[in-house]
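Survey of secondary and tertiary structure
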Amino acid sequence: MRHRPGQDMVMAVERVLATKDLVSPRRFDIAVKWRLFRHLRNDNDPDAERIYRWHILKRSGHRMSIGIPTDKWKRSVEHYLSSAKALYGAMVSEGFDPGFPIPIDPDGDLLDGSHRLACALALGIGMVPVERRKTHVFAPAWDRDWFLANGMSVTDLEHIRQDWNALRGLHG
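**Examining the overall build of the protein chain**
When helices and strands are counted, the protein chain shows six helices and three strands. Relative to its 172 residues, the protein chain shows a buried fraction of 41%. Intrachain contacts of the protein chain at a sequence separation of at least 6 include 74% that bridge at least 24 residues. Of the roughly 9300 Å² of accessible surface on the protein chain, 54% is carried by carbon and sulfur atoms.

Next comes the structure, spelled out in structure tokens:
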């Protein structure tokens, strides 16, 4: 077994968790990404890419505008979009790579892997490998309030709420 960075911070490697159980109220962004991956699957959602671009720009635009890469190497919304498309293609042809479990904190919140989770959800992958770590999530919540505070239209937010509810198996 190869040593991976941060491995010493691992509490336990769990075999798998249900993908829908990783969709928490603090992560409305999962619904935005899920919508993009469904669009890539030929669902023909004309708003999916626009909303995804909006989210990435609001989330990381300031850092990118001054040349600071985000998520290790991404320096633009185009980098995020091309990376998402590459991830989708890889997951369609090879499935979810169990060699890269989704890291979660002791409470089950995502530490990374939101694109992989959203892609798995869009492809109907019901279970994914996770790795529980000692580190607690440090990122801000990308919840309903974050989207409102950053100026998402009420109409777009309602669609995202409906998508989030669908991901969780909720109604209304």
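**Some words on the pattern of salt bridges**
Per the counting criterion, the structure on display carries ten salt bridges. Between Arg-53 and Glu-49 there is a salt bridge; the shortest N-O distance is 3.1 Å. Within this pair, Arg-53 and its partner Glu-49 are both found in helix H2 (residues 48–65), separated by four residues, close to a single helical turn. When its relative accessible area of 26% is taken as the criterion, Arg-53 is described as partly exposed. The shortest N-O distance in the salt bridge between Glu-78 and Arg-53 comes to 2.4 Å. Highlighted residues: Glu-78 in helix H3 (residues 77–94) and Arg-53 in helix H2, separated in sequence by 25 residues. By sharing partners, the salt bridges in this structure join Arg-27, Asp-29 and Lys-33 into a single network.

**Notes on the environment of Asn-150**
If you trace the backbone, Asn-150 turns up in the loop between helix H5 (144–149) and helix H6 (154–168). A relative accessible area of 23% places Asn-150 in the partly exposed class. Ignoring any residue separated from it by four or fewer positions in sequence, one finds Asn-150 in contact with Trp-54 and Lys-58.

**Considering the side chain of Glu-131**
When you line up the elements, Glu-131 lands in strand E3 (residues 127–133). Polar side-chain contacts of Glu-131 include one of 2.8 Å to the side chain of Arg-133.

**Brief notes about the packing of aromatic side chains**
All chains considered together, the criterion is met by five aromatic pairs. Relative to Trp-146, the ring of Trp-54 has its centre 6.1 Å away and its plane inclined at 75 degrees; by these criteria the two rings are edge-to-face. Placement of Trp-54 in helix H2 and of Trp-146 in helix H5 is noted, with a sequence separation of 92 residues between them. Between the aromatic rings of Trp-54 and Phe-147, the centroid separation amounts to 5.9 Å while the plane-to-plane angle is 25 degrees, which identifies the pairing as stacked. Of the two residues, Trp-54 is situated in helix H2 and Phe-147 in helix H5; the sequence distance between them amounts to 93 residues. What links up through ring pairs into an aromatic cluster is the set Trp-54, Trp-146 and Phe-147. The ring of Trp-34 has Arg-38 lying over it, and the distance from NZ or CZ to the ring centre is 4.2 Å. Its end group placed over the ring of Trp-142, Arg-59 keeps NZ or CZ at 5.0 Å from the ring centre.

**Quick look at the layout of surface pockets**
Roughly 1400 Å³ of internal volume is contained in the largest pocket. In this structure, the largest pocket is lined by 42 residues; those nearest its centre are Asp-71, Lys-72, Asp-112, Gly-113 and Arg-116. Elements with a contribution of two residues or more to the lining of the largest pocket: H2, H3, helix H4 (114–122) and E3.

Conventions we followed
Residues numbered from 1 in each chain as written. Predicted model: local features only at pLDDT ≥ 70, side-chain atom pairs only at ≥ 80, totals over all residues. Heavy atoms only, no water. Helix = DSSP H or I, 4+ residues; strand = E, 2+ residues; numbered from the N terminus. Buried < 20%, exposed > 50% of the residue type's maximum accessible area, 1.4 Å probe, protein only. Contact = heavy atoms within 4.5 Å. Areas by Shrake-Rupley, 256 points an atom, 1.4 Å probe, with all protein chains shown as cover. Salt bridge = Lys/Arg side-chain N within 4 Å of Asp/Glu carboxyl O. Polar contact = N/O pair within 3.5 Å; in protein donor to acceptor, adjacent residues only side chain to side chain. Phe/Tyr/Trp six-rings, centres within 6.5 Å; stacked < 30°, edge-to-face > 60°. Lys NZ or Arg CZ within 6 Å of the ring centre and 35° of its normal. 1 Å grid on protein atoms, 1.4 Å probe; cavity = no way out; pocket = protein on both sides within 12 Å on 5 of 7 lines; lining within 4 Å. Points joined across faces, edges and corners; volume = space filled by probe spheres on them.

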